[in-house]
Every structure is written in structure tokens, then in C-alpha cells.
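This is what each chain is made of:
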Amino acid sequence: MVVTRRRTFSALLICARFGQKCLSWTTSSRSAVRFESRNVRSSHTSLSAGDIREKLRAFPGGSIDLKKRESGMAVITINNPARMNAFSGSMMLELEERVHELETWSEGKGVIVQGAAGTFCSGSDLNAVRAISNPQDGMKMCEFMQTTLTRLLRLPLISVALVEGKALGGGAELTTACDFRLMTSCGVIQFVHKQMGLVPGWGGASRLVHIVGSQNSLKLLAGAKKVDPEFGKQIGLVDEVLHCTSGERNTLDQGEQWLSQFIKGPEAVIRAVKRVVLSGRELPLEEALTAERNVFGTVWGGPANLEALALKTKHK
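Now for a description of the structure that goes with this document. Please read these numbers as outputs of a predicted model, since none were measured by experiment.

1. Here we look at the overall build of the protein chain
So, step 1. The number of helices and strands found in the protein chain is 13 helices and 10 strands.
So, step 2. Counting every position in the protein chain, which comprises 316 residues, the buried fraction comes to 48%.
So, step 3. Sequence-distant contacts, at least 24 apart, represent 69% of the contacts inside the protein chain between residues at least 6 apart.
So, step 4. Total accessible area on the protein chain stands at roughly 15900 Å², and carbon and sulfur atoms take up 55% of it.

Structure (C-alpha cells):
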């Protein structure tokens, strides 16, 4: 099979469509392909995105809270307990803003996404859903959230969904936009879309297939099957099960301890690791290998590399 090199790869076409800050690989005179972050804008997309933003703003409530720490770990909290942390229109907009903050946080290494008050997220606030139930607005909202969650997944930070309580519908989709999923022993993930006469629209189905395969995805989507921790680990949707605790802080502490093992070390190296994994996940092999080589060049001879060489003068 002959693979034709392309300057714009099919895996990243969503970037050009939706105008988010995204990962791309561009040619240069000295290097065939260079891995970098850039903004791609489309006038048609900007108009439709602006239109749906105005409609989403009309449905306030709740918040998306972000805390960034000196350790390089951040915590995003979905905060709307009165509605089981369902996304209001304004919360959808806030999530995009928080993702943008993390995109520009050069010291960041990891991020935990959690829900407030002992539950993760129950999807969309039905008040907003009913108000934009016409197909045109529904498609625009779908594109907006697809873009935001794709940007979350492509952050140069290692991301973890901390599922305490229920992750339903859009909340289940949100878990798939993270690199890892931790679940408390009393947690549940359920793609309930079929029960609402829908299918996932925020990219959750596409990401789910990559995580658990097509057959398991059919079981979860067509059966609206509840995923408890045991079944989640069995199919590869859940990476670790945490003990249910009496305090939200204790659960977060467990999540932070689990994530800390993967973000030890200089941020340049951790972020480079995430970038090569992204290229391997989204690009054909030839382009992924080129991207990996170029990311390698950004850390070879860097401070972390030189320090490690100085400390480890011979193999043991």
C-alpha cells in the first residue's frame, strides 16, 4: 500500500473545520515535518461558533472552576450540584475558556477533571437542550463541544477524569476526552444517549472506539449499559479504582497521588512525552515517526537531558 504524504492530515481536519488551537505538522525548508501548535481559522466556522455562543450564554448556571498549582498539576471542577453537575450553556463556554488557559500554561504537566459534591457530570442541562432542540442549533452545539473536548484531549498535559458518583450522557463523553479514567468503587459511567433518542455528539463515540474497541462500544451505546468499576477495568475504560471516601478532598488526594507518578520530572520532558503519544495516536505511522523524531530534537541536549547524563555517567 502506498501512503501519500500530506501536509494536512486527515486525523487533524477537525482543527481546520472548527478553528481551535490544535496540534499540526507543517513542512519547512530544513525539516520535512515540524510538530507545532497553531491557530487555524475559518470564517464560516467563526460565524456559526459566534452564533451558538450567544444562545448558550442565555442559559447560565453553575461554573467550571480551574486551579493551577506550582507542582504543574491543575484541577478542573464541573460545578453545578443542583443539577448533578449538568452543563448549562454558560458552563460549555467556560469549559472552552479553561481549556484555553491550560493550552497557554507553559508550566503545566497534568490535569484532573472532577465533579463537585460527590458526582461527576450528568451531561447537558435539559433546559438548554430543549431551547436549542432544532437541528441547526443542535449541530452547532455539537461542533462547539466536539472542538472543546478535542482540544482537552490534545493538551500537552497528561489528563485524568476522576469519576466519583455518576458520569452520564455527555458526562460519560467527557471522561473519554482524558488520557486516563479513575473511578471510585461507587462510581458509574453510562452512555444514556439511546434513552434520550440520541447518539453521542461530543465525540464520545469516536473516542470510545479507540479506548475499548468497536464491539464493547456497541454494547455500551446500544445497550446503554452501566459501567461499574469492575466491568470498566475489564474492558479497558477504567484505569484504576479508588476507594469511596467520606470527603471530596480525600478522593481528589487519591487522584492526585495516582497522577503524580506520571508527571514527576521536568515539564519539558513530560509535555514531550504527551506530544509523541498524540502523534502516534492520530497520525499514520510514517508521519508519526517523523513527528516523534522532531519532538525528540526539542529535548535532546536540553537541560534535563544534560543533567541526567551528568548524574548517570555509567550504566549499572
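2. Some words on the sheet that holds strand 3 (residues 63-68)
So, step 1. Taken in spatial order, the 6 strands line up as 3-4-5-6-8-10 in an open sheet, and their pairing is mixed. Where the open sheet ends on each side, the last strands, each with one partner, are strand 3 and strand 10 (240-242). Going from strand to strand, the sheet's axes swing by 20° on average, the running direction of each strand aside.
So, step 2. Pairing of strand 8 (residues 180-184) with strand 10, which is carried by 3 bridges, proceeds in the parallel orientation. Across the sheet, Thr-184 pairs through a bridge with Leu-242, a residue of strand 10.

3. Digging into the packing of aromatic side chains
Centre-to-centre distance and the angle between the planes together describe a pair of aromatic rings.
So, step 1. The tally for this structure, following the rule as stated, stands at 5 aromatic pairs.
So, step 2. Pairing Phe-180 with Trp-258 gives two aromatic rings, centres 5.1 Å apart and planes at 75°, and the pair type is edge-to-face. Note that Phe-180 is positioned in strand 8 and Trp-258 in helix 10 (residues 248-260), a separation of 78 residues in sequence.
So, step 3. We classify Trp-258 as buried; its relative accessible area is 12%.
So, step 4. One aromatic cluster in this structure is built from Phe-180, Trp-258 and Phe-262.
So, step 5. In this arrangement the basic side chain of Lys-225 is found over the ring face of Phe-231, its NZ or CZ atom lying 5.0 Å from the centre.

4. Things to note about helix 5 (residues 135-153)
So, step 1. For helix 5, with 19 residues, the first-to-last C-alpha span of 26 Å sits near the 27 Å given by 1.5 Å per residue.
So, step 2. Asp-137, Met-141, Cys-142, Phe-144, Met-145, Thr-147, Thr-148, Leu-149, Thr-150, Arg-151, Leu-152 and Leu-153 are the residues of helix 5 that are buried.

5. Re unusual backbone geometry
So, step 1. Located in the positive-phi region is Met-84, a residue other than glycine, with phi close to 50°.
So, step 2. Mapped onto the fold, Met-84 is located in the loop between strand 4 (73-79) and helix 3 (89-103).
So, step 3. Phi at Asn-85 is positive, roughly 60°, even though this residue is not glycine.
So, step 4. Inspection of the secondary structure assignment puts Asn-85 in the loop between strand 4 and helix 3.
So, step 5. The buried category is assigned to Asn-85, whose relative accessible area is 0%.

6. Here we look at helix 11 (residues 267-282)
So, step 1. Its 16 residues give helix 11 an end-to-end C-alpha distance of 22 Å, which sits within 8% of 22 Å, the value for a rise of 1.5 Å per residue.
So, step 2. Along helix 11, the residues that are buried comprise Ile-270, Arg-271, Ala-272, Lys-274, Leu-278, Ser-279 and Glu-282.

7. Details of the pattern of salt bridges
So, step 1. Within the structure shown, the criterion is met by 14 salt bridges.
So, step 2. The salt bridge partner of Arg-98 is Glu-94, with a shortest N-O separation of 3.8 Å. Here Glu-94 and Arg-98 lie together in helix 3, a separation of 4 residues that amounts to about one turn.
So, step 3. Judged by its relative accessible area of 17%, Arg-98 is buried.

8. Comments concerning the side chain of Gln-114
So, step 1. With respect to the element layout, Gln-114 can be found in strand 5 (residues 110-115).
So, step 2. For Gln-114, a relative accessible area of 6% gives the class buried.
So, step 3. A polar atom in the side chain of Gln-114 sits 3.0 Å from the side chain of Thr-77.

9. Side note on the packing of helix 11 against helix 12 (residues 285-299)
So, step 1. With their axes 9 Å apart at the nearest point, helix 11 and helix 12 run at an angle of 175° to one another. Relative to helix 12, the element helix 11 lies roughly antiparallel. Across the interface between the two elements, Ala-268, Ala-272, Arg-275, Val-276, Ser-279 and Gly-280 of helix 11 pack against Ala-288, Ala-291, Glu-292, Val-295, Thr-298 and Val-299 of helix 12.
So, step 2. Looking at side-chain class alone, the contact of helix 11 with helix 12 contains 7 nonpolar, 3 polar and 2 charged residues.

So, how was this worked out
- Residues numbered from 1 in each chain as written.
- Predicted model: local features only at pLDDT ≥ 70, side-chain atom pairs only at ≥ 80, totals over all residues.
- Heavy atoms only, no water.
- Helix = DSSP H or I, 4+ residues; strand = E, 2+ residues; numbered from the N terminus.
- Buried < 20%, exposed > 50% of the residue type's maximum accessible area, 1.4 Å probe, protein only.
- Contact = heavy atoms within 4.5 Å.
- Areas by Shrake-Rupley, 256 points an atom, 1.4 Å probe, with all protein chains shown as cover.
- Pairing = 2+ DSSP bridges.
- Axes fitted to C-alpha atoms, helices over the stretch in contact; angles between N-to-C directions.
- Phe/Tyr/Trp six-rings, centres within 6.5 Å; stacked < 30°, edge-to-face > 60°.
- Lys NZ or Arg CZ within 6 Å of the ring centre and 35° of its normal.
- Expected span 1.5 Å × (residues − 1).
- Salt bridge = Lys/Arg side-chain N within 4 Å of Asp/Glu carboxyl O.
- Polar contact = N/O pair within 3.5 Å; in protein donor to acceptor, adjacent residues only side chain to side chain.
- Parallel < 35°, antiparallel > 145°, perpendicular 65-115°, else oblique.
- Nonpolar A, V, L, I, M, F, W, Y, C, P; charged D, E, K, R; others polar.

None of this, on its own, says anything about what the molecule does.
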